[in-house]
Amino acid sequence: MMNMKFSAAGLLLVALAMDSCKSHYQLTGVERTRIVIDSSYDQNPDEAAASFLAPFKRVNDSIMGPVVGRVAHSMNARRPESDLSNLLADILVWAAKDYGEQPVLGIYNMGGIRADLIKGDVTYGDVLSIAPFENKICFVTLTGEQLTELFQQIAANGGEGVSHGVELVGTKDRRLLSARLHGQEIDPQAQYRVATIDYLQEGNDKMTAFRKGTDVVAPNEASNNTRFLIMNYFKEKQAQGEEVDARVEGRIKVQ
């Protein structure tokens, strides 16, 4: 009998506690504002904070500050095609020679491009901002039928980074109308070697056709990270006295 009374009392206390936790406030509206972070915050620096951060800034600048090359004009990534996404897809094809590969096209995802390039000097920090993930170069063979399926998925995404020689035509409702590669129609029975990144080869970003590929080569060493490939490309151009350049050239058209 005592146990029954204790249980009832316990339940009553729990009920009272739960009732006391109920909020009597009601949401009447939502407001928001944007805080602009610009050079105005540098006009009256906090000396103690600056002193504390100074040694860390020196280390950061020594890593991120070195110039790796120059870019001829500012570039950004946008669908269906952009100068920056074109450049990165072309760099994957360019880098293939160091792996004994000869891909006929390269695919780089728009979602993996996280910053713009600003005209002038490009630092390692700039490259890291563009490619902050641990994505590594990867090679895979697709049949023409699988490649067409991949192009359909790229059209459905609204566009991705594709290398020079790719000609895709899609509709405004994101259907693929036609696909050509280096001036030729896609042969459903042919084999096409593709340079991409391991993240996409796994079928991510709705490019599941990659999963059907064969003869996958996916080196795991950190040196194969896309940021280092991009940096090496800039360094080679710099050694040749050239600025890096890329243009929108009709690789992906929407009509």
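This structure is a prediction, so every number in the text was calculated from the model and none was measured.

Visitor: Which parts of the structure should I look at to understand the packing of helix α3 (residues 83-95) against helix α7 (residues 226-239)?
Guide: What describes two packed helices is the angle between their axes and the distance between those same axes. α7 packs onto α3 with a crossing angle of 85° between their chain directions and a minimal axis gap of 10 Å. Here α3 is positioned roughly perpendicular relative to α7, judged by the angle of their axes. On α7, the residues that touch L87, L88, I91, L92, W94 and A95 of α3 are L229, I230, N232, Y233 and E236. Here the residues of the contact of α3 with α7 are counted per class, giving 9 nonpolar, 1 polar and 1 charged.

Visitor: Would you take a moment to explain the packing of aromatic side chains for this structure?
Guide: Ring pairs (aromatic) are described by centroid distance and by the angle formed between their planes. If you walk through the whole model with that rule in mind, you get 5 aromatic pairs. Considering the side-chain rings of F52 and F56, the 5.6 Å spacing of their centres and the 50° angle between planes classify their relative orientation as tilted. Of this pair, F52 and F56 both sit in helix α2 (residues 47-64), 4 residues apart, which is roughly one turn of that helix. For F56, a relative accessible area of 52% gives the class exposed. Through a chain of ring-to-ring contacts, three or more aromatic side chains come together here, namely W94, Y233 and F234.

Visitor: Would you explain the pattern of salt bridges in this entry?
Guide: When their charged atoms lie close together, side chains carrying opposite charge are able to pair. The full count for this structure, using the stated rule, is 12 salt bridges. The partner of R251 in a salt bridge is D90, and the shortest N-O contact between them spans 2.8 Å. Of this pair, R251 sits in the loop between α7 and β11 (252-254) while D90 sits in helix α3, and the two are 161 residues apart along the sequence. When its relative accessible area of 4% is taken as the criterion, R251 is described as buried. Among the charged side chains, a network of salt bridges with common partners joins R70, D121 and E243.

Visitor: Mind showing me how you'd approach the environment of G112 here?
Guide: Inspection of the secondary structure assignment puts G112 in the loop between β2 (105-108) and β3 (120-123). Owing to a relative accessible area of 5%, G112 belongs among the buried residues under this scheme. Separated by 52 residues in sequence, G112 and N60 have C-alpha atoms that sit 23 Å apart. Residues within four places of G112 in sequence aside, it is in contact with I130, A131, P132 and F133.

Visitor: What should I look at first to understand the sheet that holds strand β7 (residues 176-181) in this one?
Guide: Across a sheet, strands are paired by hydrogen bonds formed along the backbone, either parallel or antiparallel in direction. The strand order across the open sheet built from 4 strands is β8-β7-β6-β11, with neighbouring strands paired in mixed fashion. Whereas interior strands pair on both sides, the edge strands pair on one side only; in this sheet they are β8 (184-185) and β11. In the sheet, β7 pairs with β8 via 2 bridges, with the strands oriented antiparallel. In the strand pairing of β8, L181 is matched with Q184. Along the sheet face, helix α5 (residues 144-157) touches β6 (166-170), β7 and β11 and points at about 125° away from the line of β7.

Visitor: Mind showing me how you'd approach α3 here?
Guide: Helical periodicity: at 3.6 residues per turn, an α-helix aligns residues three or four positions apart in one direction. Spanning 13 residues, α3 covers 18 Å between terminal C-alpha atoms, matching the ideal 18 Å at 1.5 Å per step. The buried fraction of α3 is high, at 11 of 13 residues. Those residues of α3 that are buried are in contact with β2, α4 (124-130), β4 (137-143), β5 (161-162), β9 (191-197) and α7.

Visitor: How should a nonpolar patch on the surface be read in this particular structure?
Guide: A contiguous nonpolar patch, built from I35, I37 and Y41 and spanning about 380 Å² of accessible area, is present on the exposed surface. Assessed through its relative accessible area of 68%, I37 is described here as exposed.

Visitor: For this particular structure, what's the right way to read the sheet that holds β5?
Guide: Taken in spatial order, the 5 strands make up an open sheet running β5-β2-β9-β4-β10, and their pairing is mixed. Either end of the sheet is taken by a strand with one partner, and the two such strands are β5 and β10 (214-217). Pairing of β2 with β9, which is carried by 2 bridges, proceeds in the parallel orientation. In the strand pairing of β9, L105 is matched with V194. Of the strands in this sheet, β2, β4, β5 and β9 are in contact with α3, which crosses β2 at around 130°.

Parameters and conventions
- Residue indices begin from 1 for each chain and proceed along its sequence in written order.
- For a predicted model such as this one, the threshold for reporting local features is a pLDDT of at least 70, and the threshold for listing and counting side-chain atom pairs is 80 or more; totals across whole chains, interfaces and linings nevertheless cover every residue.
- Side-chain calculation: all heavy atoms of the structure are included, whereas hydrogens and water are not.
- Helix axes are fitted to C-alpha atoms over the stretch in contact, other axes to C-alpha atoms as well, and angles between N-to-C directions run from 0 to 180 degrees.
- Numbering goes from the N terminus for both helices and strands, where a helix is a DSSP run of H or I of at least four residues and a strand is a run of E of at least two.
- Roughly parallel here means an angle under 35 degrees, roughly antiparallel means over 145, roughly perpendicular means 65 to 115, and every remaining angle is called oblique.
- Contacts are assigned to residue pairs that have any heavy atoms within 4.5 Å of one another.
- Charged means Asp, Glu, Lys or Arg here, nonpolar means Ala, Val, Leu, Ile, Met, Phe, Trp, Tyr, Cys or Pro, and polar covers whatever is left, Gly included.
- Stacked, tilted and edge-to-face pairs are distinguished by plane angle, under 30 degrees for stacked and over 60 for edge-to-face with tilted covering the rest, among Phe, Tyr and Trp rings (Trp via its six-membered ring) whose centres lie within 6.5 Å.
- For every residue, the accessible area (1.4 Å probe, protein chains only) is compared with the maximum for its type, and the residue is labelled buried under 20%, exposed over 50%, or partly exposed between those bounds.
- Salt bridge criterion: a side-chain nitrogen from Lys or Arg within 4 Å of a carboxyl oxygen from Asp or Glu.
- Strand pairing is assigned whenever DSSP detects at least two bridges linking the two strands.
- Multiplying one less than the number of residues by 1.5 Å gives the expected span of a helix.
- Patch membership needs two things, relative accessible area over 30% and no salt bridge, and members are linked within 9 Å if like-charged or within 5 Å if nonpolar (Val, Leu, Ile, Met, Phe, Trp, Tyr).
- Shrake-Rupley sampling with a 1.4 Å probe provides the accessible areas, and residues are treated as covered by the protein chains on show and by no other component.

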